[in-house]
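# Structural features, examined
The residues making up each chain are set out below.
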Amino acid sequence: MAKLDLSTLGVRAGIARSRFNEHSEALYLTSSFVFENAAQAAERFTGGSAGLGGSAFVYSRFTNPTVSMFQDRLAALEGAEACVATASGMSAILATSMALLKAGDHVVCSNAVFGATVQLYSTILARFGIETTFVPPAKVEEWQRAVRPNTKLLFLETPSNPLGEVSDIAALAAVARRAGAVLVVDNALCTPALQRPLEFGADLIIHSATKYLDGQGRVLGGAVLGKKGPAMDAVFGFLRTAGPSLSPFNAWVILKGMETLEIRMLAQSERALELARWLEKHPKVARVYYAGLESHPQHALAMRQQRTGGALVSFDVKGGREAAWKVIDSTRLISITGNLGDVKTTITHPATTTHGRITPEARAAAGITDGLVRVAVGLEAVADLKADLSRGLG
Ligand SMILES: Cc1ncc(COP(=O)(O)O)c(C=O)c1O
């Protein structure tokens with residue numbers, strides 16, 4: 001078949017119909033699968049037919065038809081050969097790390113990744129003898145300098161949350177290749193609708209499917225994607241043994257969410273850009289952080305890697321924390337919640353929520369000011385969003 005467009009793959013890829021020929025993807029809520037005889041059971045448990053990418057099913061900790069449809073659709077969208085679904089984005093990062101690292105190994109990680117990712121590397125994995133050096137996302141030379149002979153993994157998110165800093169994926173893939181390490185890119189914020197990191201040389205992709213893949217804030221989910229081979233086999237092996245598995249129900253919800261992924265991402269990005277342009281001109285706003293703006297210092301790089309600037313807009317309100325809280329508390333439409341990736345616009349104050357547990361010095365070093373407000377733009381009319389933010393901006 002001719003190479004299909006992303007929008008077509010979002011709707012069609014991965015469908016595996018049952019003998020009933022249902023049109024909408026089926027939800028297989030079952031823990032296990034029945035064998036015809038003992039010999040078949042033996043083959044399925046030990047043979048390749050129920051392995052990664054196999055078509056036979058054994059037990060839903062590691063094989064389920066609805067989860068397979070989710071994996072196949074996401075793999076098609078990312079241009080990946082293999083996908084392992086996980087219970088959440090964090091369990092995707094954990095599974096990748098447990099599969100690829102051992103005591104004595106070293107990780108280089110962007111210092112602008114999701115807070116729980118920082119905690120995972122700096123506290124939990126550190127207890128198992130894995131050391132992590134955190135570096136600024138955009139400074140390739142600092143990544144290079146941080147590499148050691150025992151560096152096995154480089155980890156980043158781009159653009160970063162909440163400040164929209166952009167990492168050069170191709171340049172960091174070259175750093176990883178020279179070090180004999182793998183480059184892992186968390187693509188939750190762009191999704192394959194806007195950015196396909198494998199095309200720039202990333203080895204593995206992480207998703208929090210909880211975000212834009214679902215798109216409606218309903219369920220948790222995650223995934224790891226990459227080439228077929230030892231790394232993905234090891235991730236699958238960890239999932240089969242340790243069990244941070246995606247529930248078939250959640251897989252089904254996200255699978256259906258992915259049908260509208262591309263049009264949502266484009267529509268939400270368009271609204272985000274319009275809102276960012278308006279905020280940039282607002283007298284009460286000191287600075288806007290959005291890679292889609294021409295004024296963003298890494299706009300050219302962002303536009304080489306991404307189709308749009310994405311749907312996350314952050315801005316510094318003049319007047320610090322009090323002024324930022326006033327903007328948040330004056331909203332009547334926008335939801336005050338930490339989640340993002342929803343069609344309902346959300347607003348949050350990073351300094352006292354997502355970054356509230358780190359020291360004021362670490363916060364300042366990360367560029368998270370007291371006046372910073374993050375808006376994850378959804379699908380409401382921009383005029384209504386502007387009116388909602390104007391109330392508190394004065
Ligand atoms: C970029 C990014 N990666 C990973 C995660 C973790 O995903 P989950 O909440 O699905 O575990 C999040 C969650 O907010 C995120 O924003």
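Quick note: structure is the one above.
If you're wondering where the values come from, they're calculated on a predicted model, not measured in any experiment.

### Examining empty space enclosed by the protein
Scanning all chains against the criterion turns up 2 cavities of 30 Å³ or more. If you add up the space inside the largest cavity, you get close to 120 Å³. In terms of lining, the second largest cavity is formed by V113, F114, G115, N161, T354, H355 and R374. Residues that form the lining of the second largest cavity fall into these classes: 2 nonpolar, 4 polar and 1 charged.

### Some thoughts on the side chain of E380
You can see E380 is positioned in the loop between β12 (372-376) and α15 (382-393). One buried charged residue, E380, remains without a salt bridge, the closest side chain of opposite sign being R271 at 6.5 Å. Within polar-contact distance, the side chain of E380 engages the side chain of T345 at 2.5 Å. Ignoring anything within four residues of it in the chain, the contact list for E380 reads R271, V343, K344, T345 and L385.

### Re the packing of helix α4 (residues 89-100) against helix α5 (residues 115-124)
Relative orientation of the contacting elements α4 and α5 amounts to 30°, with a least axis distance of 10 Å. Put simply, α4 runs roughly parallel to α5. Pair α4 / α5 crosses with right-handed handedness. Contacts between α4 and α5 involve M90, I93, L94 and S97 from the former and A116, T117, L120 and Y121 from the latter. Partitioned by chemical class, the residues of the contact of α4 with α5 number 6 nonpolar, 2 polar and no charged.

### Focus on the layout of surface pockets
Roughly 730 Å³ of internal volume is contained in the second largest pocket. Around the second largest pocket, the lining comprises 42 residues; the ones closest to its centre are G54, S55, F57, P65 and S68. Going through the elements one at a time, α2 (38-46), α3 (65-78), β1 (82-86) and α9 (230-242) are the ones with two or more residues in the lining of the second largest pocket. Counting residues per element, the lining of the second largest pocket draws most heavily on α3, which supplies 7 residues. Counted by class, the lining of the second largest pocket contains 22 nonpolar, 13 polar and 7 charged residues.

### Regarding α3
Here α3 is 14 residues long and its end C-alpha atoms lie 20 Å apart, about the 20 Å a rise of 1.5 Å per residue gives. Counting buried residues along α3, 12 of its 14 residues qualify, which places the element largely inside the surrounding structure. Inspection of α3 places P65, T66, V67, S68, M69, F70, Q71, R73, L74, A75, L77 and E78 among the buried residues, and these make up the whole buried set. Between the side-chain oxygen of the N-cap and the backbone nitrogen of T66 there are 2.9 Å, and the N-cap of α3 in question is N64. In the stretch just after α3, G79 is the one whose phi turns positive, near 70°.

### Notes on the site of the ligand
Every residue lining the ligand is accounted for by S88, G89, M90, F114, E157, D186, A188, S208, T210, K211 and G221. Contact between the ligand and T210: an oxygen atom at 2.6 Å from a side-chain N or O atom of the residue. Interatomic distance of 2.8 Å between a side-chain N/O atom of K211 and an oxygen atom of the ligand. Expressed as a share of its isolated accessible area of 390 Å², the protein-covered part of the ligand is 91%. Partitioning the shell around the ligand into residue classes produces 3 nonpolar, 5 polar and 3 charged.

### Let's talk about unusual backbone geometry
In this structure, the amide linkage connecting T158 to the following residue, P159, adopts the cis form with an omega of -5°. For the bond running from N161 to P162, omega is 10°, close enough to zero to count as cis. You can see P162 is positioned in the loop between β4 (151-157) and α7 (169-179). The backbone of T191 sits at a positive phi, close to 65°, despite the residue not being glycine. Along the chain, the position of T191 falls in helix α8 (residues 191-194).

### Brief notes about the sheet that holds strand β6 (residues 204-208)
Ordered in space as β1-β7-β6-β5-β4-β2-β3, the 7 strands form an open sheet in which the pairing is mixed. One side of each edge strand has no neighbouring strand; the edge strands of this open sheet are β1 and β3 (131-135). Averaged over all pairs of adjacent strands, the angle between strand axes in this sheet comes to 20°, irrespective of strand direction. When β4 meets strand β5 (residues 182-186), the two strands line up parallel, connected through 5 bridges. Looking at the pairing, L154 lines up with L183 of β5. Each of β2 (106-110), β3 and β4 touches α5; the most contacted strand, β3, lies at about 140° to it. In this fold α9 packs onto β1, β6 and β7 (222-226), with an angle of close to 25° to the strand it touches most, β1.

Conventions and cut-offs
Residues numbered from 1 in each chain as written. Predicted model: local features only at pLDDT ≥ 70, side-chain atom pairs only at ≥ 80, totals over all residues. Heavy atoms only, no water. 1 Å grid on protein atoms, 1.4 Å probe; cavity = no way out; pocket = protein on both sides within 12 Å on 5 of 7 lines; lining within 4 Å. Points joined across faces, edges and corners; volume = space filled by probe spheres on them. Nonpolar A, V, L, I, M, F, W, Y, C, P; charged D, E, K, R; others polar. Helix = DSSP H or I, 4+ residues; strand = E, 2+ residues; numbered from the N terminus. Buried < 20%, exposed > 50% of the residue type's maximum accessible area, 1.4 Å probe, protein only. Lys, Arg positive; Asp, Glu negative; His and termini not counted. Salt bridge = Lys/Arg side-chain N within 4 Å of Asp/Glu carboxyl O. Polar contact = N/O pair within 3.5 Å; in protein donor to acceptor, adjacent residues only side chain to side chain. Contact = heavy atoms within 4.5 Å. Axes fitted to C-alpha atoms, helices over the stretch in contact; angles between N-to-C directions. Parallel < 35°, antiparallel > 145°, perpendicular 65-115°, else oblique. Left-handed = near helix turned anticlockwise from the far one by under 90°. Expected span 1.5 Å × (residues − 1). Near = heavy atom within 4 Å. Areas by Shrake-Rupley, 256 points an atom, 1.4 Å probe, with all protein chains shown as cover. Pairing = 2+ DSSP bridges.

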